[in-house]
Amino acid sequence: MSLHHRPVRTASRRAAQAVATLGAAVLLLTACGGGSDSAEGKPSGEKSAKADSASSKTRTVKDATGTAVEIPAEPKRIVTLTQEDLDAVLALDIKPVGITNGQGLDKPPAYLADKVEGINIVGNLLQPVMDKVVAAKPDLILAGDMQDEQVLKQLREITPATLVTMAPTDDWKLFFRGVGNAVNKLDAANKFITDHEAAAKAAGEKLGKNKGAEVSIVRWNPDGPSWMENKQFASGVALEMGLKRPKSQNKDGNAHTPSLSLEKINEIDGDWLFLSTLTSDGTKALKDVQGKPAYKELGAVKNKQVVTVDGSVWSTRGGPLAADVVMEDYVKALSAK
């Protein structure tokens, strides 16, 4: 069976994405489950009965597609199918029982590796192996931006508490609040976001001569570079820090551009150039172009202000822990000169 593989989002696909307007915001709509609250009238001595009742309590949330889903009020066995879902639950101090490999990887993303030791891997990004998901015995599955209805049907047969947690246009904060609500930790999610925003602003103020610098944010694909629009994840972190984007990249969207030809490589220039790749083919293509005159003539290259960053963090939909990693990468690079 051919399972869903997350597509690369480009500016040309935004028209199709625009129909997905509900997003993770609908995850913030909840209601308590019915008969599961009946423990309140029982004698105080019936501890085991109360515990059983508490564990059976449910809530109803709407997922990112607007579908109402009944989920445990306090989920205990969560399986995450995307890097972003994993990032979100870890930021909320929840250890899932099953995870998938990172985007473009055959293992969990390096920035989360120390937090996921010993957790069973149930497949690749948005490509779960159903037997492994079953073995994890989940009471809640966080399915990211899963669009494959056949796969979703199989997951819901494992547990009806399967949530599509993000729509194509959701940013990481909206998505994170939705996940926070789903696991009954919305207050904690909001606090994380508030703390991150304050830290990003403070960090940007301490960049010395690089305060307000123009940063070019680029992923190198096998067929050329793509720069990221302002609402794309790593770009958003830059703007939180008071950094700017080069004029050619100052576009108010949330996608990568189509890959550029060598003739248009000047579009990726800036005071600083942050470069990432996601595949070995992309890495090879970048290495090949670095010997060409067009690349060597870029201002950031001449000034030795090119920074290689982890594409599995920078070039994703993003999450709360990843946002802090990107902020730290900016600080490390821009504070060095």
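Residues numbered from 1 in each chain as written. Predicted model: local features only at pLDDT ≥ 70, side-chain atom pairs only at ≥ 80, totals over all residues. Heavy atoms only, no water.

### Considerations on the overall build of the protein
Here is step 1 of the chain: For the protein, the count of helices and strands is 13 helices and 14 strands.
Here is step 2 of the chain: Burial analysis of the protein (337 residues in total) assigns 52% to the buried set.
Here is step 3 of the chain: Long-range contacts, defined here as pairs at least 24 residues apart, represent 68% of the contacts in the protein between residues at least 6 apart.
Here is step 4 of the chain: When the accessible surface of the protein is summed, it comes to about 15500 Å², and 51% of that surface belongs to carbon and sulfur atoms. (Helix = DSSP H or I, 4+ residues; strand = E, 2+ residues; numbered from the N terminus. Buried < 20%, exposed > 50% of the residue type's maximum accessible area, 1.4 Å probe, protein only. Contact = heavy atoms within 4.5 Å. Areas by Shrake-Rupley, 256 points an atom, 1.4 Å probe, with all protein chains shown as cover.)

### Things to note about helix α8 (residues 233-240)
An α-helical segment advances 3.6 residues per turn. Residues three or four places apart therefore align on the same side.
Here is step 1 of the chain: For α8, a buried count of six out of eight residues is recorded, marking the element as mostly surrounded by other parts of the structure.
Here is step 2 of the chain: Along α8, the positions that sit buried rather than exposed are F233, A234, S235, V237, A238 and E240.
Here is step 3 of the chain: In this structure, the buried residues of α8 make contact with α6 (172-182), α7 (186-205), β11 (215-221), α12 (311-314) and α13 (320-334).
Here is step 4 of the chain: With a side-chain oxygen positioned 3.1 Å from the backbone nitrogen of A234, the residue opening α8 is Q232.
Here is step 5 of the chain: Looking one or two residues past α8, G242 carries a phi angle of roughly 80 degrees, positive in sign. (Polar contact = N/O pair within 3.5 Å; in protein donor to acceptor, adjacent residues only side chain to side chain.)

### Notes on the pairing of strand β12 (residues 224-227)
Here is step 1 of the chain: Pairing of β11 with β12 involves four bridges; the strand directions are antiparallel. Along β12, the bridge assignment pairs W220 with P225.
Here is step 2 of the chain: Connecting the antiparallel pair β11 and β12 is a turn made up of two residues. (Pairing = 2+ DSSP bridges.)

### Some details on the environment of K57
Here is step 1 of the chain: Structurally, the position occupied by K57 is in the loop between α2 (47-55) and β2 (58-62).
Here is step 2 of the chain: Given a relative accessible area of 28%, K57 falls into the partly exposed group.
Here is step 3 of the chain: For K57 and A73, which are 16 residues apart along the polypeptide, the C-alpha to C-alpha distance reads 5.5 Å.

### Overview of the pattern of salt bridges
Here is step 1 of the chain: Evaluated as defined, the whole model comprises ten salt bridges.
Here is step 2 of the chain: With a closest N to O distance of 3.8 Å, K115 and D114 form a salt bridge.
Here is step 3 of the chain: In this structure K115 comes out as partly exposed when scored by relative accessible area, which is 39%. (Salt bridge = Lys/Arg side-chain N within 4 Å of Asp/Glu carboxyl O.)

### Things to note about the nonpolar core
Here is step 1 of the chain: Of all hydrophobic cores here, the largest spans 57 residues; its most connected members are F176, V215, M241, L243, F274, W314 and Y330.
Here is step 2 of the chain: Top element by residues in this core is α13. It accounts for eight residues.
Here is step 3 of the chain: Apart from residues no more than four positions distant in its own chain, V215 is found in contact with A238, L243, K244, R245, P246, Q249, W272, F274, Y330 and L334.
Here is step 4 of the chain: Among the nonpolar cores identified, the runner-up in size contains 17 residues, and V79, L125, L152 and L155 belong to it. (Core = buried A, V, L, I, M, F, W, Y, C linked by side-chain atoms within 4.5 Å.)

### Quick look at the side chain of R219
Here is step 1 of the chain: With respect to the secondary-structure elements, R219 resides in strand β11.
Here is step 2 of the chain: For the buried residue R219, which engages in no salt bridge, the nearest side chain bearing the opposite charge is D223, 8.2 Å off.
Here is step 3 of the chain: At 2.9 Å, the side chain of R219 and the side chain of S315 are in polar contact. (Lys, Arg positive; Asp, Glu negative; His and termini not counted.)

### What about the sheet that holds strand β13 (residues 272-276)?
Here is step 1 of the chain: One open sheet accounts for four strands, arranged β12-β11-β13-β14; its pairing is mixed. Looking at which strands have only one partner, the edges of the open sheet turn out to be β12 and β14 (306-308). On average, adjacent strands in this sheet sit at an angle of 30 degrees to one another, irrespective of strand direction.
Here is step 2 of the chain: One ladder, built from three bridges, connects β13 with β14; its direction is parallel. Bridging across to β14, L273 finds its partner in V306.
Here is step 3 of the chain: In this fold α13 packs onto β11, β13 and β14, with an angle of close to 135 degrees to the strand it touches most, β13. (Axes fitted to C-alpha atoms, helices over the stretch in contact; angles between N-to-C directions.)

### Some words on helix α5 (residues 149-158)
Here is step 1 of the chain: The complete set of buried residues in α5 reads V151, L152 and L155. Down the axis, α5 shows its buried residues gathered within 100 degrees of arc, on one side only. For α5, the exposed residues set more than 90 degrees away from the buried face come down to E149, K153 and E157.
Here is step 2 of the chain: Among the structural elements, β8 (127-128), α4 (130-136), β9 (140-142) and β10 (162-163) are those in contact with the buried residues of α5. (Arc of directions from axis to C-beta.)

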